[in-house]
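Structural description and commentary
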Amino acid sequence: MSTVNTGAPDAADEPTGQHAPATAARPADTGRPSRAARIRRGIGMAAVIAVGAGAIGLGTGVTPAAAEKAPAHAGWDGSRYWFKNSQGQWRWTTHYSVYVARTGGAGSTSKSPSKSGSSSKGSNGGIKQGWDGSRYWFKNSKGEWRWTSHYDIYLQRTGGSGSSAGSSGSSHGVAEDQDVETAVEYALAQLGKPFRTAGNGPDGYDCSGLVQQAFRRGGIGLPRVANDQYAATTPIKASQLRRGDLLFWSPDGTARGIQHVAIYLGNNQYVEAARPGTLIRISGISRGYYPAFMGRP
């Protein structure tokens, strides 16, 4: 009976057709691996290659992580704050405080609201729809955050009125001028009515009450108190003043200390509810009583 090479340690190099005598001497070691050893080595290397191929193959069924698209600019994108690190690489965080720390406090066109009115900043640092103390926030048709300082535009974008308009940029131009003129005309219609502390009309007003009610008629929402109204405007210089801008007076020269507001009419004149005991009137800007701040709603 012929022997079959099984690759076992004692198997013969070649089949001989008969069993070797028990006392037969083993062949002299020639220094060349036996056929069985070569086979074992080949099997081992094949296993290594197979394992390596299998390890590589494990990744073929796994979807690689998709690289995030770089934002168009630093700031809030609707879900996170983007900024560049010291190496110019884009990074993001959901924490506004971290974003400010990484950017040195620099603002952006879409930063999160600093304080809340009808809505507030969520725990994840996100924007909430509504008034934040300086502007109205809403999402456009693409789900992107936009803002306007005009209440009527905000209502249009959020379905608060029957009409719709284009992008938030339409809050500027002719429509804006008409809104402001409506506010000015309303304020002028109140001339001769008495100053009334905390008055919101129609029989009497205080300074910020007159301003708030006038601009509300023009579809522009403003807070109730004079220093908050300044925070809701775009600060401007005297050289930029135009009809419908707001003038603010502060005894201590700080924005927090603002105590009076009036509506600029042009030609160095403004309409105001000055103080108790006076009537709503038109006054002129003077060096002895010059506004500390100016803003555009």
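We now turn to the structure provided with this report. All residue numbers here refer to positions counted from 1 along the written sequence of the relevant chain. It should be noted that, the model being predicted, local features are given only for residues of pLDDT at least 70 and side-chain atom pairs only at 80 or more, the latter also being counted only at that level, while totals for whole chains, interfaces and linings use all residues. To get the side-chain values, take all heavy atoms of the structure and skip hydrogens and water.

1. Observations regarding helix α5 (residues 207-217)
The classification of residues rests on relative accessible area computed with a 1.4 Å probe and restricted to protein chains. Under 20% of the type maximum is buried, over 50% is exposed, and intermediate values are partly exposed. Runs of H or I in DSSP of at least four residues are treated as helices and runs of E of at least two as strands, each being numbered from the N terminus. Within α5, nine of the eleven residues are buried, which leaves it mostly tucked inside the rest of the structure. Taken together, the buried positions of α5 are Cys207, Ser208, Gly209, Leu210, Val211, Gln212, Gln213, Ala214 and Phe215. The positive-phi residue at the C-terminal boundary of α5 is Gly219, with phi of around 80°.

2. What to know about the sheet that holds strand β3 (residues 90-93)
At least two bridges found by DSSP between two strands is the condition for calling them paired. With antiparallel pairing, the three strands of this open sheet are ordered in space as β1-β2-β3. On the outer flanks of this sheet lie β1 (75-76) and β3, each paired with one strand and no other. Sheet analysis places strand β2 (residues 81-84) next to β3, joined by four bridges and oriented antiparallel. Residue Phe83 lies in a different strand from β3, and its bridge partner there is Arg91.

3. Section: the packing of aromatic side chains
Between the rings of Phe, Tyr and Trp (Trp by its six-membered ring), a pair exists once the centres lie within 6.5 Å; its type follows the angle of the planes, with under 30 degrees stacked, over 60 edge-to-face, and the other angles tilted. In total, this model carries four aromatic pairs according to the counting rule given. Between the aromatic rings of Trp249 and Tyr289, the centroid separation amounts to 5.0 Å while the plane-to-plane angle is 10°, which identifies the pairing as stacked. With Trp249 in strand β8 (residues 246-249) and Tyr289 in the loop between β11 (281-284) and β12 (293-296), this residue pair connects regions lying 40 residues apart in the sequence. Taking the relative accessible area as the measure of exposure, Trp249 reaches 5% and is therefore buried. One aromatic cluster is present, formed by Tyr230, Phe248 and Phe293 through successive ring pairs.

4. Considering the nonpolar core
The biggest cluster of nonpolar side chains holds 31 residues, and the ones touching the most others in it are Val211, Phe215, Leu246, Phe248, Val261 and Ile263. For this core, the secondary-structure elements that each account for two or more residues are β5 (136-139), α4 (174-189), α5, α6 (226-231), β8 and β9 (260-266). By definition in these notes, contact holds between two residues if any of their heavy atoms fall within 4.5 Å. Excluding residues that lie within four positions of it along the chain, Phe215 makes contacts with Ala183, Ile220, Leu222, Gly244, Leu246, Ile263 and Pro297. By size, the runner-up hydrophobic cluster in this structure holds nine residues, among which are Trp249, Tyr264, Tyr270 and Met294. To form a nonpolar core, buried Ala, Val, Leu, Ile, Met, Phe, Trp, Tyr and Cys residues must be joined to one another through side-chain atoms within 4.5 Å.

5. Some words on the side chain of Arg296
In this structure, Arg296 sits in strand β12. A polar atom in the side chain of Arg296 sits 2.6 Å from the backbone oxygen of Gln240. Ignoring any residue separated from it by four or fewer positions in sequence, one finds Arg296 in contact with Thr233, Thr234, Ile236, Gln240, Leu241, Arg242 and Asp245. Here a polar contact is recorded for every N or O atom pair within 3.5 Å, except that within protein the pair must consist of a potential hydrogen donor and a potential acceptor, and residues adjacent in sequence are included only if both atoms are side-chain atoms.

6. Some remarks on the environment of Gln213
Structurally, Gln213 can be placed in helix α5. By relative accessible area, which is 8% here, Gln213 ends up buried. Linking Gln213 and Ala187, residues 26 residues apart in sequence, is a C-alpha distance of 8.2 Å. Excluding its chain neighbours within four sequence positions, the residues that come into contact with Gln213 are Tyr186, Asn200 and Tyr205.

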